[in-house]
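Commentary on secondary and tertiary structure
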Number of protein chains: 2
Amino acid sequence: MTSPRPNPSAVIRGDALWSGIRDDLRARGLRWTPQRRTLVEVLSKTQGHVTGVQLVERCRAIDPETTPSTVYRTLDVLEDLGLIRHGHGADGREEFHVLPAAEHGHIYCHSCGGTWEIGHDQAASLLETLASEHRFTADLSHVTIAGRCAACLEAPPSA
Amino acid sequence: MTSPRPNPSAVIRGDALWSGIRDDLRARGLRWTPQRRTLVEVLSKTQGHVTGVQLVERCRAIDPETTPSTVYRTLDVLEDLGLIRHGHGADGREEFHVLPAAEHGHIYCHSCGGTWEIGHDQAASLLETLASEHRFTADLSHVTIAGRCAACLEAPPSA
DNA sequence: ATGTTTGCTGCAACCGCTTGCGTTAGGGCA
DNA sequence: TGCCCTAACGCAAGCGGTTGCAGCAAACAT
């Protein structure tokens, strides 16, 4: 379209984790493109959770030409590679977790909108129950459990 | 009190549960309109889960003029009244549960797309853990937990 | 019946995300 | 180095769901 690539400052942070992605992709017959590089750069600077929109915004900060469809498609690919995972927030919107991170779920308060993480150990008994009674292997990180936190139960903000 | 709307066959099923809605609404200063009547009729014939789109479709079968925004807004109101609940499926889309129904969550298999219900007792220990460690009261019915069922773990469909 | 209040409706635009399609360009190979 | 195959891109349309707004009509009162 325009210049060779308006992406001069796309310096990949050399974290061992991310530097192999290019080869991972090629090994699968997939390609290493400037757009993917941008997204990987953004992800490498990200910890915890991000929504799709946030990722698109951050990519645009690096390369304003970024289009959403490309970002979302690349996120799918990276999830296949096992580099990220996605889940859904309490409102159903997508949320991406950058790995490596302890697998964890979320709890969300309807009233105040707060969210907290729950660890694998705290959900362990549920996971075990599902495994034994349904022979089901659950993916905790996909889940956001909604409810009410203690503070809101005692003193609802303004319901 | 036949309405002026083209809604001739809107015969409310006289289930005790639903017949009081009109008064519930009025008691709160809200209104009983033909559109709401249509939706309530649809819900009264529904058990288990429905998606938003399905509800819109079924309403249109009764009144082709039905518009989505009205349906979704009415669903919000009915949820306030405690007549239904909504949650999010594994893909983040809305799912409505018609009450009264035992509060239950869902598990969804990524591979085969199957879904199963999980009862309150099976999630009890998770709910207790959340209550004691985070002082959080969870709403089980809002949740769909994704993962893999036994069959797919043993013999992945094709992936 | 008629008026008044204000909750509700339908429209159209928008949001987050996905998809189909024609075009571009990565990258293995000669 | 240049060729070719096809993965990936950008665009535009679409889907499920939401929202602001102007007009409409329930419901209560006169």
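This section reports on the structure supplied with the text. (Residues numbered from 1 in each chain as written. Chains lettered and ligands numbered in written order. Predicted model: local features only at pLDDT ≥ 70, side-chain atom pairs only at ≥ 80, totals over all residues. Heavy atoms only, no water.)

All right, on to the protein's contact with DNA strand C then. As a matter of local geometry, DNA strand C sits amid 20 residues, with Arg 31, Trp 32 and Tyr 72 of chain A together with Arg 36 and Arg 73 of chain B nearest to it. Backbone atoms, meaning sugar and phosphate, form 71% of the atoms of DNA strand C found within 4 Å of the protein. Here a phosphate oxygen of DNA strand C sits 2.6 Å away from a polar atom, N or O, in the main chain of Trp 32 of chain A. With respect to DNA strand C, the side chain of Arg 73 of chain A contributes an N or O atom lying 3.2 Å from a base oxygen. At the level of secondary structure, the elements contributing two or more residues to the surface near DNA strand C comprise helix H4 (52-62) and helix H5 (68-80) of chain A together with helix H3 (34-44) and helix H5 (68-80) of chain B. (Near = heavy atom within 4 Å. Polar contact = N/O pair within 3.5 Å; in protein donor to acceptor, adjacent residues only side chain to side chain. Helix = DSSP H or I, 4+ residues; strand = E, 2+ residues; numbered from the N terminus.)

All names here are of chain A. A large share of strand S4 (residues 105-109) lies buried, amounting to 4 of its 5 residues. Pairing geometry for S4 and strand S5 (residues 115-118), over 4 bridges, is antiparallel. The residue bridging Gly 105 from the neighbouring strand is Ile 118, located in S5. Judged from the 4 bridges that link them, S4 and strand S7 (residues 144-149) form a sheet pairing that is parallel. Looking across to S7, one finds that Tyr 108 is bridged to Ala 146. (Buried < 20%, exposed > 50% of the residue type's maximum accessible area, 1.4 Å probe, protein only. Pairing = 2+ DSSP bridges.)

Counting 28 residues, the largest nonpolar core has Leu 130, Phe 136 and Ile 145 of chain A together with Leu 130, Phe 136 and Ile 145 of chain B as the members making the most contacts within it. Of all the secondary-structure elements, those providing two or more residues to this core are S4, helix H6 (120-134), strand S6 (136-138) and S7 of chain A together with strand S4 (104-109), helix H6 (120-134), strand S6 (136-138) and strand S7 (144-149) of chain B. In contact with Ile 145 of chain B, other than residues within four places in its own chain, are Leu 126, Leu 130, Phe 136, Ala 138 and Val 143 of chain A together with His 106, Ile 107, Tyr 108 and Ile 118 of chain B. (Core = buried A, V, L, I, M, F, W, Y, C linked by side-chain atoms within 4.5 Å. Contact = heavy atoms within 4.5 Å.)

All names here are of chain B. Of all the 5 residues making up strand S3 (residues 94-98), 4 are buried; the element is thus mostly covered by neighbouring parts of the structure. The pairing of strand S2 (residues 84-88) with S3 spans 5 bridges and is classified as antiparallel. Bridging across to S3, Arg 85 finds its partner in His 97. Connecting S2 to the antiparallel partner S3 that follows it, the hairpin turn spans 5 residues, and Gly 92 within it adopts a positive phi of roughly 90°.

Before going further, it helps to spend a moment on the packing of helix H3 (residues 34-44) of chain A against H4 of chain A. All names here are of chain A. The N-to-C vectors of H3 and H4 enclose an angle of 115°; their axes lie 9 Å apart at closest approach. Put simply, H3 runs roughly perpendicular to H4. For the element pair H3 and H4, the recorded crossing hand is right-handed. Contacts from Thr 38, Leu 39, Glu 41, Val 42 and Leu 43 of H3 reach H4 at Leu 55, Arg 58, Cys 59 and Ile 62. Residues that form the contact of H3 with H4 fall into these classes: 6 nonpolar, 1 polar and 2 charged. (Axes fitted to C-alpha atoms, helices over the stretch in contact; angles between N-to-C directions. Parallel < 35°, antiparallel > 145°, perpendicular 65-115°, else oblique. Left-handed = near helix turned anticlockwise from the far one by under 90°. Nonpolar A, V, L, I, M, F, W, Y, C, P; charged D, E, K, R; others polar.)

The subject of this paragraph is the protein's contact with DNA strand D. Taken together, 20 residues lie around DNA strand D, and Arg 31, Arg 36 and Thr 70 of chain A together with Arg 26 and Tyr 72 of chain B are the ones closest in. Those atoms of DNA strand D that come within 4 Å of the protein belong to sugar or phosphate at a rate of 68%. One of the side-chain nitrogen or oxygen atoms of Thr 33 of chain A is found 2.9 Å away from a phosphate oxygen of DNA strand D. In the environment of DNA strand D, a phosphate oxygen lies 2.6 Å from a nitrogen or oxygen atom belonging to the side chain of Thr 70 of chain A. Only H3 and H5 of chain A together with helix H4 (52-62) and H5 of chain B provide two or more residues apiece to the surface near DNA strand D. It is H5 of chain A that provides the largest number of residues to the surface near DNA strand D, a total of 4 residues. Taken together, the residues of the surface near DNA strand D break down into 4 nonpolar, 9 polar and 7 charged.

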